[in-house]
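Report on the structure
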Amino acid sequence: MSSIAGTKSGLTWAVQISVVALVALWLFPTVGLFVSSFRTADQISSSGWWASMLPSERNETLRTANPDTQVREDGLWVIRGNLFEADREATISTWGTSSRDIAAYKPGDTADMGEDGRLTVQADGDYLLVNETEFSGRRGERVFVTATSPPEFTLDNYRDMLFDPSNREGMTRAFFNTLTVVIPATIIPIVIAAFAAYALAWMRFPGRALLIAAVVALLVVPLQLALIPLLKLHLAVGIGKGYLGVWLAHTGFGLPLAIYLLRNYMVGLPRDIIENARVDGATDFQIFVKIILPLSFPALASFAIFQFLWTWNDLLVAMVFLIDATGETTVMTKQIVELLGTRGGNWEILATAAFVSIAVPLAVFFALQRYLVRGLLAGSVK
Amino acid sequence: MNPALQGLITIIVGVGGCIGYFYLSNQFLDKVLFPARGRHIGRNINRANMIRPWLFLFPAIFALGLYLGYPVIETLRLSLTDRSLDGAFVGLDNYAQMASEPKFWEAMRNNMLWLIVVPAVATAFGLLAAQLTDRIAWGNVAKSFIFMPMAISFVGAAVIFKLIYDTRPANQDQIGVLNAVWLMFEGGPGSFLFLRLLPAAIVLCFALLMAYVVYLALKPLIRRETGQARASWWAVPLRLTAGLVAVWLIWLSLGSVHSVMTAEFAYGAPQTWLTLPFWNSLFLMVVLVWIQTGFAMVILSAALRGIPEETIEAAILDGANPFQIFFKIKVPQIMGTIVVVWTTITLVVLKVFDIVFAMTNGQWETQVLANYMYDKLFRANDWGVGSASAIVIMVLVLPILVWNVYNARKEMN
């Protein structure tokens, strides 16, 4: 429409910049979590994730090697080595030997510690500790350094949370439990709803309008009302807490939207095709299976995505109908809530766990967004 | 049994059972009960066709009745009985007990705040995003990023935002964005601009919008134009209520403008955002706004595209500027869709549970009805009061339910 309006270029630029800002604002939270899930616990707690792209400067307390590694050279006792761990790259900008003055020396300087010897530290962490008398004691000399490390990312968090069988807080079991809940809970309501939607769209019978109104009404009934009565019912008939219960519950709660979406779509299918088929002697069952169902694929896909996202992301229904006292059947959302409680400050665990659970819906979202949008429009725009 | 195997069997039994049921019952109807042959062929076909819809509908009606219809009645019954007295009828005692609990009123107050803020802000942002992205070449990419949070679970979003709200002691680097930004304010002119003027301006805009709503709602009551169709009997009270609510909201917004301009801010000290009463509720609402804006944007963008070009061209020929085109031509034409978006988000807000449960669990005065209900049902094991609060949620949903059904029926006729 901007072309018709002959919009001035100044305004177009303002629009472009606003959209960039809006998108950045909306992406920023997710990106933060994503980046954090690739950082170590130390990195996360020492600097904000936005700083992780740049080299970071940190104050650290390191130690020289302990005195048993000393060697005798030219009449002096010498300890040499590197302050940093084996595969770490960092650059020292200042260092000191006392906690009161941690920036006393520059790389290459030599600190005279009196009877403790003379220490020289290079920028890359190499040090040389020299003394006339033999070093004693069991631990090395403390060195306070200010070091700049290059950005560093790790896959360890994902290895711990997904592929470490000994990790009781891992997400593997919860991941498969969620999958077990989601697949039947997505497929079964589609089958039931498709038949009902066909009847409501293409068959004439008394009470049809009333039924459609009832479906519209049930669409908004809060599922909170259903928790206690249904849990009582499940316990009374012996289903108890478990997969069967949660499948049934998700089926029941998903049906109104399924029927509503599918009926709205089926009503819009061309009347001629269906009537021609009737004239040719097809039964309703045949019309449904051979004509309506294939033509309704977009609507079926829309609902399937909705139901998938909703069941995958659900917490309440799973807590009430599925997860029993043993916690064997915990789903990912519940696992994350528990980690939030017990590991509130361990962001490397939380971020990784959350991202494991978010990844699948995000993939589905980006792959099948078209159908999701179509379903949303059919469901709400009238 | 292995749950995955159990799941596979359930899919096969469920899907196979459904299809088998539909096929066999249709066969039974056509071949055995009312065969399309013999002396009564015509009558039989008619009868079979009368019964068939119910065969198609039966599983759905059964499941809907059992999983949504029955619970409404049963919850209503439970809210009138006491579990500890073996389910004896106690009248409205549960409601009285609930009304005497400060936590319940806290939940009600917060829910009302959620109901005002989240739909308004999400719809406004959605409209803004829809209008802006429709005008640029890479609009679809931008849309899909803004829409993306829809796929993220409330629990995942809670983790994401807890990281943003994280607090470290004052002498350490902040790892939460909000505190990092907060520490950049020191009380100078920048702080005045961003922490006082900007919020005040936003709230004032909202107040002006509400004033416009009052005007729209009351105009027909004061000056009845001739030739207008007679309004329904309920239009007058509805308009009065809407007007009163809007006036009340204006009053609230003016009050908050005053407090924003005069409040003392703790500059330079990292805040534990989720423990600051009142503000923490707003921080929780941000999460839901973040999720729902994409939904509002998608629907409103489709509506904006559906506006007839001629109306806009006519406005341009008449010399309207882009803002006039947007507010005077486009917005009135998509008012119906805005209402649909608003009510849909309202429904989500009424049921909001996961966010509060995962982030604060109702502590520090952030309780909402759904979480209060969960507390009562599964922690206190008080089914009476829990059911009563579920009924309160149902009652709050009821106006939207009636409105939806009314619209659906109007459209079908």
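Residues numbered from 1 in each chain as written. Chains lettered and ligands numbered in written order. Predicted model: local features only at pLDDT ≥ 70, side-chain atom pairs only at ≥ 80, totals over all residues. Heavy atoms only, no water.

Some remarks on the overall build of chain A
Using the following cut-off: A run of DSSP states H or I qualifies as a helix once it reaches four residues; a run of E qualifies as a strand once it reaches two. Both are numbered from the N-terminal end. Between the two quantities, the radius of gyration covers C-alpha atoms and the globule rule is 2.2 Å times the number of residues to the power 0.38. The buried label applies to any residue whose accessible area, calculated with a 1.4 Å probe on protein chains only, is under 20% of its type's maximum; exposed applies above 50%, and partly exposed to all values in between. In this description, contact between two residues means that some pair of their heavy atoms is separated by no more than 4.5 Å. With residues, only the protein chains shown are counted as cover, and all accessible areas are computed by Shrake-Rupley using a 1.4 Å probe.
Of regular secondary structure, chain A possesses 14 helices and eight strands. For 382 residues, the compact-globule estimate of 2.2 N^0.38 gives 21 Å, and the C-alpha radius of gyration of chain A, at 33 Å, exceeds that figure by more than 25%. Across its three principal axes, chain A shows a C-alpha extent of roughly 110 × 70 × 35 Å. Within chain A, the fraction of its 382 residues that count as buried is 51%. Counting only contacts in chain A whose residues sit at least 6 apart along the sequence, the fraction spanning at least 24 positions is 70%. A total of about 17200 Å² of accessible surface is found on chain A, and carbon and sulfur atoms cover 58% of it.

Some thoughts on the overall build of chain B
Defined as follows: In this charge count, Lys and Arg are treated as positive and Asp and Glu as negative; neither His nor the chain ends contribute. Taken as the charge location is NZ of Lys, CZ of Arg, CG of Asp or CD of Glu.
Tallying secondary structure elements over chain B gives 16 helices and two strands in all. For chain B, the spread of C-alpha atoms along the principal axes amounts to about 95 × 65 × 45 Å. When each of the 413 residues of chain B is scored for burial, the buried share is 45%. Pairs at least 24 residues apart make up 70% of the contacts formed inside chain B by residues separated by at least 6 positions. Distance between charge centroids for chain B: 13 Å, based on 28 positive and 22 negative side chains.

Digging into the sheet that holds strand 8 (residues 142–149) of chain A
All names here are of chain A. Keep this limit in mind: Strand pairing is assigned whenever DSSP identifies at least 2 bridges connecting the two strands. Inter-axis angles, ranging from 0 to 180 degrees, are taken between N-to-C directions of lines fitted to C-alpha atoms, where helices are fitted over the stretch in contact.
One open sheet accounts for three strands, arranged 1-8-4; its pairing is antiparallel. In the strand order of this sheet, the two ends are held by strand 1 (56–63) and strand 4 (91–96), each with one partner. Each strand axis lies, on average, 25 degrees off the axis of its neighbour in the sheet, ignoring direction. In terms of strand pairing, strand 4 meets strand 8 through five bridges, oriented antiparallel. Paired with Thr-91 across the strands is Thr-148, a residue of strand 8.

Points about the confidence of the model for chain A
Parts of the prediction with low pLDDT should not have their coordinates interpreted in detail. Where we set the bar: Along the chain, pLDDT gives the predictor's confidence residue by residue, from 0 to 100.
On average, residues of chain A score 82 in pLDDT, and 96% of them reach the 70 mark or higher. Note on residues 1–6 of chain A: pLDDT under 50 across the span, and 10 contacts to partners over four residues away in sequence or across chains.

A word on the packing of helix 2 (residues 41–78) of chain B against helix 16 (residues 383–412) of chain B
Residues and elements named next belong to chain B. Rule in force here: Note on angle classes: values under 35 degrees are labelled roughly parallel, values over 145 roughly antiparallel, values of 65 to 115 roughly perpendicular, and the remainder oblique. Two helices crossing with the near one rotated counterclockwise from the far one by less than a right angle form a left-handed crossing, whereas a clockwise rotation gives a right-handed crossing. Each residue gets one of three labels, nonpolar for Ala, Val, Leu, Ile, Met, Phe, Trp, Tyr, Cys and Pro, charged for Asp, Glu, Lys and Arg, and polar for the others, Gly among them.
It is at 8 Å that the axes of helix 2 and helix 16 come closest, and there the two elements cross at 130 degrees. By the angle class used here, helix 2 and helix 16 are oblique. Seen from above, helix 2 lies across helix 16 with left-handed handedness. Residue-level inspection shows Thr-75, Leu-76 and Leu-78 of helix 2 in contact with helix 16, the latter providing Gly-384, Ser-387, Ala-390 and Ile-391. Here the residues of the contact of helix 2 with helix 16 sort into four nonpolar, three polar and no charged.

As for a negative patch on the surface
Heads up, the rule is: What goes into a patch is any residue over 30% in relative accessible area without a salt bridge, connected to like charges within 9 Å or, for nonpolar side chains (Val, Leu, Ile, Met, Phe, Trp, Tyr), within 5 Å. Here a salt bridge means any side-chain nitrogen of Lys or Arg lying within 4 Å of a carboxyl oxygen belonging to Asp or Glu.
A cluster of acidic residues, Glu85(A), Asp87(A), Glu89(A) and Glu152(A), forms a negative patch on the protein surface. Tracing the backbone shows Glu152(A) in the loop between strand 8 and helix 4 (156–163).

Comments concerning the sheet that holds strand 5 (residues 110–112) of chain A
All names here are of chain A. Across the sheet, which stays open at both edges, the five strands sit in the order 2-3-7-6-5 with antiparallel pairing between neighbours. Strands at the two margins of the open sheet, each flanked by one partner only, are strand 2 (71–73) and strand 5. This sheet shows a mean twist of 25 degrees between the axes of neighbouring strands, independent of strand direction. One ladder, built from six bridges, connects strand 3 (residues 76–82) with strand 7 (residues 126–131); its direction is antiparallel. The residue bridging Val-78 from the neighbouring strand is Val-130, located in strand 7.

Remarks on the pairing of strand 7 of chain A
Residues and elements named next belong to chain A. Bridging between strand 6 (residues 118–121) and strand 7 involves four bridges; their strand directions are antiparallel. Bridging across to strand 7, Leu-119 finds its partner in Leu-129. Connecting the antiparallel pair strand 6 and strand 7 is a turn made up of four residues, with Gly-125 showing a positive phi of about 100 degrees.

So, the nonpolar core
Cut-off, in case you're wondering: To define a nonpolar core, start from buried Ala, Val, Leu, Ile, Met, Phe, Trp, Tyr and Cys residues and group those joined through side-chain atoms within 4.5 Å.
The biggest cluster of nonpolar side chains holds 211 residues, and the ones touching the most others in it are Met266(A), Phe321(A) and Trp114(B). Top contributing element to this core by residue count: helix 5 (residues 172–202) of chain A, with 18 residues. Within the second largest apolar cluster, 18 residues are counted, among which are Trp95(A), Leu119(A), Phe135(A) and Val143(A).

Regarding the packing of aromatic side chains
To keep it simple, the criterion reads: Geometry of aromatic contacts follows a simple scheme: Phe, Tyr and Trp rings, the Trp one being its six-membered ring, pair when their centres are within 6.5 Å, and the pair is stacked under 30 degrees between planes, edge-to-face over 60, tilted otherwise.
Under the defined criterion, the tally for this structure stands at 41 aromatic pairs over all chains. Centre to centre, the rings of Phe288(A) and Phe56(B) are 6.1 Å apart; their planes meet at 90 degrees, and the pair counts as edge-to-face. In this pair, Phe288(A) sits in helix 10 (residues 284–295) while Phe56(B) sits in helix 2, so the two residues belong to two different chains. No difference in accessibility class separates Phe288(A) from Phe56(B), as the two residues are buried.

Examining the interface of chain A and chain B
Formally: A quick way to say it: buried area is the sum, across both parts, of accessible area lost when two parts are put together, with a 1.4 Å probe. Any N or O atom pair separated by 3.5 Å or less is treated as a polar contact, with the protein-specific requirement of one donor-capable and one acceptor-capable atom, and with residues adjacent in sequence counted only for side-chain atom pairs.
Contacts between the two partners involve 107 residues from chain A and, on the opposite side, 107 residues from chain B. Buried surface at the junction of chain A and chain B, summed over both partners, amounts to about 9700 Å²; 81% is from carbon and sulfur atoms. Run the count over chain A and chain B and you get one salt bridge. Between Glu74(B) and Lys232(A) there is a salt bridge, and its shortest N-O distance comes to 3.0 Å. At the junction of chain A with chain B, the criterion picks out eight residue pairs in polar contact (both at pLDDT 80 or more). Top contributing element to the side of chain A that touches chain B by residue count: helix 2 (residues 9–36) of chain A, with 16 residues. A class-by-class count of the residues in the side of chain A that touches chain B yields 82 nonpolar, 21 polar and four charged.

Thoughts on the environment of Trp290(B)
Note on placement: Trp290(B) falls in helix 10 (residues 279–305). According to the relative accessible area criterion, Trp290(B) is buried, its value standing at 4%. Residues Trp290(B) and Ala200(B), 90 residues apart in the sequence, show an inter-C-alpha distance of 21 Å. Ignoring any residue separated from it by four or fewer positions in sequence, one finds Trp290(B) in contact with Trp26(A), Pro29(A), Thr30(A), Pro149(B), Ile152(B), Ala157(B), Ile160(B) and Phe161(B).

Some words on the domain arrangement of chain B
Where we set the bar: Domain boundaries shown here were taken from an automatic or database domain assignment.
Each domain of chain B was delimited in the assignment, giving domain 1 (3–78), domain 2 (101–174 + 272–413) and domain 3 (184–267). Here domain 2 of chain B and domain 3 of chain B have C-alpha centroids that lie 18 Å from each other.

Points about a positive patch on the surface
Residues and elements named next belong to chain A. Where like charges cluster on the molecular surface, the positive patch consists of Arg-63, Arg-138, Arg-139 and Arg-142. The topology assignment puts Arg-63 in strand 1. Arg-63 gets classed as partly exposed once you look at its relative accessible area, which sits at 34%.

Things to note about a nonpolar patch on the surface
Residues and elements named next belong to chain B. Among the surface-exposed residues, Phe-192, Leu-193, Phe-194, Leu-197, Leu-198, Ile-202 and Met-261 lie close enough to one another that they form a single nonpolar patch of about 640 Å² accessible area. Ranked by residue count, the leading element in the nonpolar patch is helix 8 (residues 189–222), at six residues. Secondary-structure assignment places Met-261 in helix 9 (residues 235–262). Relative accessible area serves as the criterion here: at 31%, Met-261 is assigned to the partly exposed category.

Observations concerning helix 9 of chain B
Residue and element names in this part refer to chain B. Quick reminder of the rule: Between the first and last residue of a helix there are one fewer steps than residues, each counted as 1.5 Å, and that sum is the expected span.
Along its 28 residues, helix 9 runs 41 Å from first to last C-alpha, staying within 8% of the 40 Å computed at 1.5 Å per residue. For helix 9, the full list of buried residues reads Ala-235, Gly-243, Ala-246, Leu-249, Ile-250, Ser-253, Val-257 and Val-260. Looking at the buried residues of helix 9, the elements they touch are helix 4 (102–133) and helix 8.

Regarding the confidence of the model for chain B
Summarising the model, chain B shows a mean pLDDT of 83, and 96% of its residues fall at 70 or more. Both confidence scores are given for the complex: pTM 0.81, ipTM 0.81.

Description of helix 16 of chain B
One turn of the α-helix equals 3.6 residues, which is why residues spaced by three or four share an orientation. Rules: Working definition for bend: take the seven residues up to and ending at a residue and the seven starting at it, fit an axis to each, and measure the angle between the axes.
When the local axis directions of helix 16 of chain B are compared, the greatest deviation, roughly 40 degrees, occurs at Val397(B), which is followed within four positions by the proline Pro399(B). The backbone nitrogen of Gly384(B) has a side-chain oxygen 3.3 Å away, supplied by the residue at the start of helix 16 of chain B, namely Asp382(B).

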